[in-house]
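# Secondary and tertiary structure notes
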Amino acid sequence: MQSDQEVEELRRLIERARRAVVFTGAGISTESGIPDFRSPGGIWTKQAPIDFQDFVSSEDARRLSWRRRFASDPVMRNAEPNRGHRAVATLVRRGKVASIITQNIDGLHQASGVPAEQVIELHGNTTFAHCLTCGQRYEIEALRPAFERDGTAPRCTWCDGLVKTATISFGQQMPAEAMRRAEIETLAADLFITVGSSLVVYPAAGFPELAKHNGATLVIVNRDPTGLDALADLVVNRLIGDTLGAAVGVN
Ligand SMILES: [Zn+2]
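Residues numbered from 1 in each chain as written. Predicted model: local features only at pLDDT ≥ 70, side-chain atom pairs only at ≥ 80, totals over all residues. Heavy atoms only, no water.

### What to know about the packing of helix α1 (residues 3-16) against helix α11 (residues 240-248)
Helix-helix packing: each pair is described by the crossing angle between the helix axes and the interaxial distance. Selection criterion: Axis geometry follows a simple rule: fit a line to the C-alpha atoms, using only the stretch in contact for helices, then measure angles between N-to-C directions, giving values from 0 to 180 degrees. Here a strand is any run of E in DSSP of at least two residues, a helix any run of H or I of at least four, and the numbering for each starts at the N terminus. In these notes the angle categories are as follows: under 35 degrees is roughly parallel, over 145 is roughly antiparallel, 65 to 115 is roughly perpendicular, and the rest is oblique. Crossing handedness follows the turn of the near helix against the far one: under a right angle anticlockwise gives a left-handed crossing, and clockwise gives a right-handed one. By definition in these notes, contact holds between two residues if any of their heavy atoms fall within 4.5 Å. Note on residue categories: nonpolar means Ala, Val, Leu, Ile, Met, Phe, Trp, Tyr, Cys or Pro, charged means Asp, Glu, Lys or Arg, and polar means any other residue, Gly included.
Relative to each other, α1 and α11 sit at 55°, their axes nearing to 8 Å. One element, α1, and the other, α11, form an angle in the oblique class. Note on packing geometry: the crossing formed by α1 with α11 is right-handed. Of the residues in α11, those touching α1 at Val7, Leu10, Arg11 and Ile14 are Thr243, Leu244, Ala246, Ala247 and Val248. Class assignment for the residues of the contact of α1 with α11 results in seven nonpolar, one polar and one charged.

What follows is the structure in structure tokens.
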């Protein structure tokens, strides 16, 4: 299919939908300069991710984890939503998209104006931290001075619990409430658009499958082919911002 025909088909499917869900992965945020951890050549091929059990049991692992987080902070803080995020936010504002399910931890959907309650984060959020024991929230920048002063990993001022970015690490259980909401939204959707996900990580990749088996139309927008292309009604292998921007009419 010619690329303008693909965009036209996507536009038509969106127009026809009553309730759409957008499912996003790293690809939408790489266009904002956020590195893709899992891709070939991505950060995790150079530095192994820190397992949750190691974080909990080892001060060295916690220090390493925080050292990496502070090192990546300028990238995270300076990243801004791109045309793809703006197109998705527009669909939310128009009432076309009820919820965004995301594998991303960068908070860029919220930064593009989507209310936080409409963003379901399967892997948590790295733009803030919380206490693993009592849940107290901490801002990243507020934790930096003490870390730079004594080099110890932050602890909760209320209960002395371990403070960790609000992300889901390897070896950590998927967040039950987010998983439950994502399933409900998936089953309620008549159009399911996956954007920038290679659809290889389970259980996250199970949602597009569930949507399709439940009778929804499945669209995959991703730079490269994905594991679920054969299942999809429309596959668009192009840049995300350009594709969604053109289909939604957003610059
Ligand atoms: Zn605490």
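Back to the text.
### As for the sheet that holds strand β8 (residues 217-221)
We apply this condition: DSSP calls a pair of strands paired once it identifies at least 2 bridges connecting them.
Strand order in the open sheet formed by six strands is β3-β2-β1-β7-β8-β9, and the pairing between neighbours is parallel. The open sheet has two free edges, formed respectively by β3 (119-121) and β9 (234-236), since each of these has just one partner strand. Pairs of neighbouring strands in the sheet enclose a mean axial angle of 15°, with direction left out of account. Across three bridges, the pairing between β8 and β9 is parallel. The residue of β9 that forms the bridge with Val221 is Val236. Strands in contact with helix α9 (residues 176-188) are β1 (20-24), β2 (97-102), β3 and β7 (191-195); relative to β3, the strand with the most contacts, it is inclined by about 130°.

### Quick word on the packing of aromatic side chains
Let me state the cut-off plainly: Ring pairs shown here join Phe, Tyr and Trp side chains whose ring centres sit within 6.5 Å, with only the six-membered ring taken for Trp; geometry is labelled stacked below 30 degrees between planes, edge-to-face above 60, and tilted in between. In our convention, an over-ring charge means Lys NZ or Arg CZ found within 6 Å of a ring centre and within 35 degrees of that ring's normal.
Scanning the model with the defined rule gives three aromatic pairs in all. Every member of this aromatic cluster is reached through a ring pair, and the members are Trp66, Phe70 and Phe147. Above the face of the Phe128 ring, Arg137 is positioned so that its terminal group lies 3.9 Å from the ring centre.

### A look at the environment of His123
Applied cut-off: Definition of a polar contact: a pair of N or O atoms within 3.5 Å, with one able to donate and the other able to accept a hydrogen when the atoms are protein atoms, and with sequence-neighbouring residues admitted only if both atoms are side-chain atoms.
Relative to the assigned elements, His123 resides in the loop between β3 and β4 (124-131). A sequence separation of 128 residues divides His123 from Asn251, and the C-alpha atoms of the two residues are 29 Å apart. Of the polar contacts made by the side chain of His123, one reaches the backbone oxygen of Gln103; its length is 3.2 Å.

### Focus on the sheet that holds β4
Pairing within the open sheet is antiparallel, and its three strands lie in the order β5-β4-β6. The open sheet has two edge strands with one neighbour each: β5 (137-139) and β6 (163-167). Along the sheet, successive strands turn relative to each other by an average axial angle of 45°, direction set aside. Across five bridges, the pairing between β4 and β6 is antiparallel. Note on β6: the bridge partner recorded for Ala129 is Thr165. With respect to the sheet, helix α8 (residues 140-150) is in contact with β4, β5 and β6, its orientation differing from that of β5 by roughly 75°.

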